[in-house]
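Okay, here's what each chain looks like letter by letter:
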Amino acid sequence: MTEDSTKKGPTLVWFRQDLRLSDNPALVSAVERGEPIVPLYLLDDDTPGNWTMGGASRWWLHKSLESLAADLASKGAQLLLRRGRAEDAIPALAEEIGAATVVWNRCYEPWAVPRDTAIKQTLKAAGVAADSFSASLLQEPWTVETGAGSPYTVFSPFWRAIRDRHVPKPLAAPDRLSGLSGLSGDSLEDWALLPEAPDWAGGLRETWSPGETAAQERLAAFLEERVAGYAAERNRPDIEGTSGLSPYLHWGEISPRQIWHATLHHLSAEDKAEKGVWSFLSEVGWRDFSYHLLYHWPSLMDETWKENFKAFPWREDPERYRVWCRGETGFPIVDAGMRQLWHTGWMHNRVRMIVGSFLIKDLMIHWREGERWFWDTLVDADAASNGASWQWVAGCGADAAPYFRIFNPMTQGEKFDPAGDYVRKWVPEVAGLPDRYLHRPWEAPDEVLASAGITLGESYPKPIVDHSQAREAALAAFEKIKKGAA
Ligand code: FAD
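Since the model is a prediction, treat every value here as computed from it, not as a measurement.

**With respect to the site of the ligand**
Looking at the ligand, there are 27 residues lining it, with Tyr230, Thr242, Ser243, Gly244 and Asn349 nearest. Between tyrosine 230 and the ligand, the recorded distance is 2.5 Å, taken from a side-chain N or O atom to an oxygen atom. Note that an oxygen atom of the ligand is positioned 3.3 Å from one of the side-chain N or O atoms of arginine 352. Against a free-state accessible area of 820 Å², the protein chains account for coverage of 96% of the ligand. Each residue belonging to the shell around the ligand can be placed in one class, and the counts come to 13 nonpolar, nine polar and five charged. Two domains each donate at least three residues to the shell around the ligand, and these are domain 2 (137-167 + 212-296) and domain 3 (307-480).

In structure tokens, the structure reads:
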């Protein structure tokens with residue numbers, strides 16, 4: 001049998017990383033068909049390569065689905081929850097409801113692309129139309145290419161190629177939805193996405209309100225209060241200078257097109273914001289670039305991109321890895337970042353680079369170990385941005401920091417957390433130190449430590465490495481593999 005676009009029957013709308021009603025082309029196309037819709041979220045834990053969703057992502061997903069279900073219900077449709085392998089579950093559900101069409105917005109993860117292609121074929125062979133839409137990126141990865149017709153591997157020319165391109169105006173949310181009733185699905189509680197024993201999500205609850213409304217409010221507040229200063233303040237973890245939109249973008253509670261147009265609209269009303277606006281939009285461009293890389297190099301999350309780096313002598317060191325994960329390295333800025341991550345599910349970008357450099361270069365632990373920890377603990381854990389960023393920090397990615405750039409955790413702390421507010425918040429054990437020693441407690445004289453109530457090795461760890469020696473060791477190892485480095 002082949003698909004028949006005139007066939008009557010409900011439309012199955014398969015929600016994935018597009019958990020919103022506005023600027024949702026799949027949903028709009030379903031409404032335009034004029035048949036009842038079945039909005040579905042399918043929990044599919046059958047992700048290859050051990051890339052099943054991590055703990056913080058599961059927490060976010062639960063909250064986000066609650067919000068999506070309420071938004072859908074307010075328009076007249078009930079969110080159906082099912083669990084299973086998408087290749088089986090989607091065609092089976094299409095048959096169960098007698099769907100004439102199945103629609104979704106595209107995903108680009110290496111497991112999603114072939115899966116979705118296969119599902120489309122299965123559906124079409126069963127006479128069901130299947131349509132996918134662009135909704136999560138500014139530009140589809142295959143539409144951006146160099147003059148030589150190949151994918152970009154460097155951000156700056158990629159950004160020059162897309163920044164003046166047309167970005168379609170966001171679509172309005174449908175006014176009303178006509179849902180199909182009487183279907184039996186799971187309850188969200190059945191999925192046990194929230195941690196219980198122990199409940200480690202208190203800090204996530206304090207920090208975040210997932211959902212489309214919260215995403216729009218966050219964007220509006222950022223544009224009103226912070227975008228003008230973004231270029232100057234985006235590197236300061238002690239200041240709330242960035243948007244905090246990354247989890248909302250990852251889950252598609254807001255679209256990059258919405259951000260693009262709202263930000264440019266703000267610029268037209270506020271010309272002092274020009275520098276901040278373009279600096280901010282270029283970061284949203286980095287997100288597109290990461291997806292461009294992931295789409296063209298599907299092994300980005302797993303394999304070192306630069307060939308010669310595969311020979312790097314990584315160390316197996318579970319104890320030091322554990323200490324890094326827990327934020328007990330004895331380097332206050334590193335520990336502050338790792339504790340912010342554990343508590344809130346998010347870490348400031350500058351500090352992500354510092355902790356990443358520390359793991360890879362000071363401890364010489366494989367970048368993949370860091371990527372895995374972030375995957376489990378970040379609420380914005382994202383295959384493209386996480387994989388590309390870890391390879392960037394390691395120096396082995398397509399567009400990467402030079403291998404010899406080794407972040408000095410003391411001077412980075414002093415430069416980007418100058419009054420020590422960030423470290424004092426997350427590492428209270430050292431809060432009593434004067435600024436001069438805050439980022440290097442081991443250099444403080446005994447009487448200074450004593451008056452700050454610190455006994456190194458007891459109340460706060462001694463540094464687990466000597467940074468200068470660790471730096472020399474890493475540089476020596478990098479020198480050996482350098483030949484052939486792009
Ligand atoms: P803003 O500064 O407000 O930027 C706006 C948006 O641009 C962000 O929400 C994000 O979607 C995008 N963006 C910003 N910086 C980058 C970047 N360097 N690469 C790609 N997109 C970017 N980001 C993730 O979304 N998920 C991840 O799993 C992730 N892992 C990272 C791992 C490492 C080792 C590093 C160094 C960076 C990682 N990033 C990741 C990128 C970046 O740190 C976060 O996107 C950013 O800190 C999110 O905060 P924000 O929303 O306030 O960003």
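**Describing the pairing of strand β3 (residues 80-83)**
The pairing of strand β2 (residues 37-43) with β3 spans four bridges and is classified as parallel. Looking at β3, one finds that leucine 42 is bridged to arginine 82. For the crossover from β2 across helix α2 (residues 55-75) to β3, the handedness is right-handed.

**Section: the pairing of strand β5 (residues 129-133)**
Of all five residues that make up β5, four are buried, and the element is covered over most of its length. Bridge analysis of strand β4 (residues 101-105) against β5 gives five bridges, and the strand direction is parallel. In the sheet register, valine 102 faces β5, and the bridge partner there is alanine 130. As a crossover connection, the stretch from β4 through helix α4 (residues 112-125) into β5 is right-handed.

**Re the packing of helix α14 (residues 349-362) against helix α15 (residues 367-377)**
Look at α14 against α15: their axes get within 9 Å of each other, and the N-to-C directions meet at 140°. As the angle between them shows, α14 and α15 are arranged oblique. Two packed elements cross with a definite hand, and for α14 against α15 that hand is right-handed. Touching Arg352, Val355, Leu359 and Ile360 of α14 are Trp367, Glu369, Gly370 and Phe374, all from α15. Here the contact of α14 with α15 is built from residues that sort into five nonpolar, one polar and two charged.

**Some points on helix α12 (residues 318-326)**
Among the residues of α12, those classed as buried are Tyr321, Val323, Trp324 and Cys325. Packed against the buried residues of α12 are α13 (332-344), α14, α15 and α16 (383-394). Glycine 327, located one to two residues past α12, shows a positive phi value of around 70°.

**Focus on helix α11 (residues 274-296)**
Along its 23 residues, α11 runs 32 Å from first to last C-alpha, staying within 8% of the 33 Å computed at 1.5 Å per residue. Along α11, 17 of the 23 residues are buried, which leaves the element largely enclosed by surrounding structure.

**Quick look at the environment of serine 268**
Here serine 268 lies in helix α10 (residues 256-269). Note on serine 268: relative accessible area 62%, which makes it exposed. For serine 268, the side chain forms a polar contact with the main-chain oxygen of histidine 265, separated by 2.6 Å.

What counts, and at which threshold
Residue positions within a chain follow its written sequence, with the count starting from 1. For this predicted model, a pLDDT threshold of at least 70 governs which residues receive local features, and a threshold of 80 or more governs which side-chain atom pairs are given and counted, while totals over whole chains, interfaces and linings are taken from all residues. Neither water nor hydrogens contribute to the side-chain values; these are computed over all heavy atoms in the structure. What makes a residue near a molecule or strand is one non-hydrogen atom of that residue sitting within 4 Å of it. Residues adjacent in sequence count toward polar contacts only when both atoms are side-chain atoms; beyond that, a polar contact is any pair of N or O atoms within 3.5 Å, and within protein one must be able to donate a hydrogen and the other to accept it. Method for areas: the Shrake-Rupley scheme with a 1.4 Å probe, in which residue coverage is limited to the protein chains shown. Put simply, Ala, Val, Leu, Ile, Met, Phe, Trp, Tyr, Cys and Pro go in the nonpolar bin, Asp, Glu, Lys and Arg in the charged bin, and everything else, Gly too, in the polar bin. For the purposes of this description, domain bounds are those given by an automatic or database domain assignment. Pairing between strands is defined by DSSP: at least two bridges between the two strands are required. Think of it this way: any DSSP run of H or I at least four residues long counts as a helix, any run of E at least two long counts as a strand, and we number them from the N terminus. Classification remark: right-handed applies to a crossover when, strands pointing away from the viewer, the course from the first strand over the helix to the second runs clockwise. The cut-offs for exposure are 20% and 50% of the maximum accessible area for each residue type, with area from a 1.4 Å probe on protein chains only; residues under the lower value are buried, those over the upper are exposed, and the others partly exposed. What counts as an axis is a line fitted to C-alpha atoms, over the stretch in contact for a helix, and the angles between N-to-C directions run from 0 to 180 degrees. Angles below 35 degrees are treated as roughly parallel, those above 145 as roughly antiparallel, those between 65 and 115 as roughly perpendicular, and all remaining angles as oblique. Less than a right angle of anticlockwise turn of the near helix away from the far helix marks a crossing as left-handed, whereas a clockwise turn marks it as right-handed. Note on contacts: a residue pair qualifies if any of its non-hydrogen atoms lie within 4.5 Å across the two residues. One less than the residue count of a helix, multiplied by 1.5 Å, gives the span that helix is expected to have.

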